[in-house]
Amino acid sequence: MTHRWWLALLVAAGCGRPAAARPDTTADTVLDATAVPDGVADAVPADDGVTAAMADAATLADAATTQDAVADTVPDPLDADGSGLPEVAIAQSAICFFGAPPGADSFVADVAKPQPCTEVGPPEWFEGKPTPPPTLDVQLGWRDAKKVWHPYKDGDWAGLYVGTQQLFHIDVVPKVLLPGQTAAAVTVQVKTFGLIGCNTVADSQTPKASLVEATDAGPVYTLDPTKAVLTIFGVHSSKIGQYCGLWVEVYWRVRLPNTDQWGEKHLILRTYIVNMIPVNPNGG
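Read on for a plain summary of the structure.

The rules behind these values
Residues numbered from 1 in each chain as written. Predicted model: local features only at pLDDT ≥ 70, side-chain atom pairs only at ≥ 80, totals over all residues. Heavy atoms only, no water. Helix = DSSP H or I, 4+ residues; strand = E, 2+ residues; numbered from the N terminus. Buried < 20%, exposed > 50% of the residue type's maximum accessible area, 1.4 Å probe, protein only. Contact = heavy atoms within 4.5 Å. Areas by Shrake-Rupley, 256 points an atom, 1.4 Å probe, with all protein chains shown as cover. Disulfide = S-S within 2.5 Å. Salt bridge = Lys/Arg side-chain N within 4 Å of Asp/Glu carboxyl O.

1. What to know about the overall build of the chain
Helix and strand counts for the chain come out as four helices and 14 strands. Burial status across the chain gives 48% buried among its 284 residues. Long-range pairs, those at least 24 residues apart, make up 74% of the contacts in the chain with a sequence separation of at least 6. If you sum the accessible surface of the chain, you get close to 13,400 Å²; carbon and sulfur atoms cover 55% of it.

2. Points about the environment of Val162
Checked against the element boundaries, Val162 lands in strand E5 (residues 157-162). Expressed as a C-alpha distance, the spacing of Val162 and Asn275, which sit 113 residues apart in the sequence, is 6.2 Å. Val162 has contacts with Leu167, Phe168, Ser237, Ile240, Asn275, Met276, Ile277, Pro278 and Val279, leaving out every residue within four places of it along the chain.

3. Regarding the environment of Ala112
As for its position among the elements, Ala112 is in the loop between strand E2 (96-97) and strand E3 (137-143). A C-alpha to C-alpha distance of 8.4 Å links Ala112 and Trp247, two positions 135 residues apart in sequence.

4. A look at the state of the cysteines
Under the definition given, this model contains two disulfides. Shown here is the disulfide that connects Cys96 with Cys244, its sulfur atoms set 2.1 Å apart. Sign of the S-S torsion, about 95° for the bond between Cys96 and Cys244, identifies this disulfide as right-handed. With Cys96 in strand E2 and Cys244 in the loop between strand E12 (231-233) and strand E13 (247-255), this pair connects stretches of sequence that are 148 residues apart. By relative accessible area, Cys96 is classed as buried at 0%. Between Cys117 and Cys198 runs a disulfide, and the two sulfur atoms are separated by 2.1 Å. Note on the Cys117 and Cys198 pair: the S-S dihedral is about 130°, so by sign convention the disulfide is right-handed. Of the two residues, Cys117 is situated in the loop between E2 and E3 and Cys198 in the loop between strand E8 (185-196) and strand E9 (199-203); the sequence distance between them amounts to 81 residues. For Cys198, a relative accessible area of 33% puts it in the partly exposed group. In the chain, numbering the disulfide-bonded cysteines from first to last in sequence yields the connectivity 1-4, 2-3.

5. Quick look at the pattern of salt bridges
The tally for this structure, following the rule as stated, stands at five salt bridges. Residue Asp154 pairs with Lys113 through a salt bridge whose shortest N-O separation is 2.6 Å. Remark: Lys113 occurs in the loop between E2 and E3 and Asp154 occurs in the loop between strand E4 (149-151) and E5; sequence separation between them is 41 residues. In this structure, the salt-bridge partner of Arg253 is Glu264, at a minimum N-O distance of 2.7 Å. Of this pair, Arg253 sits in strand E13 while Glu264 is found in strand E14 (residues 262-273), placing the two residues 11 residues apart along the sequence.

What follows is the structure, encoded as structure tokens:
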């Protein structure tokens, strides 16, 4: 079938590139994020900011030189046999970049960056009593293929990864300043989640994590690189394209158990797709 031929072309053209590619690496191919199936409103919370962004994306995508020809050959953006791989062909939509974020000379559709949500509730750790002010300094970043940590800044591109459970996640790695700690590893309570339009679209089911000493000066701890705390989108990986190219406000919260010492960090990051073939987030 025609759409199978395009999928084979996709695999040959882009899927084999290293997943560790980051900014400054031009993404030659992008997924057509405007060709989404019926029911997208059920997957992405209905919100004026999200729908407006998708509408802007569709308008800009119309100007792409290759999109019309490709879209005519692939009527169905999802895999009919349920394998989880999209059968949408690769088109220059400038919305959803695949394999790597856009390079410096790439055209990128202007999807308006939202303001931080003001409706986020306090940590549930202190339910029933006043929430103490945060005292722990938290920074967020990502690790490359060599496990080297790199910081995120607000407005950066962040990759979406398909995991082994046919779900997908955004991989965020914290660094936490823990004054007075000297142990090689410290067990902490954690909570991480992602918001679009103040609606929770991703969450973590990991209540605790092991933080290990980082290489920074001082009592700085980071997530054990052999373990993962993932901010997971609770939909099948076949719907990953519906969340690509959008802005997600990502929260990371951490607390020393049975204390009032806690901290949080949140950044607004724009998504691209790293991989479509399931990978083990622990690197095994």
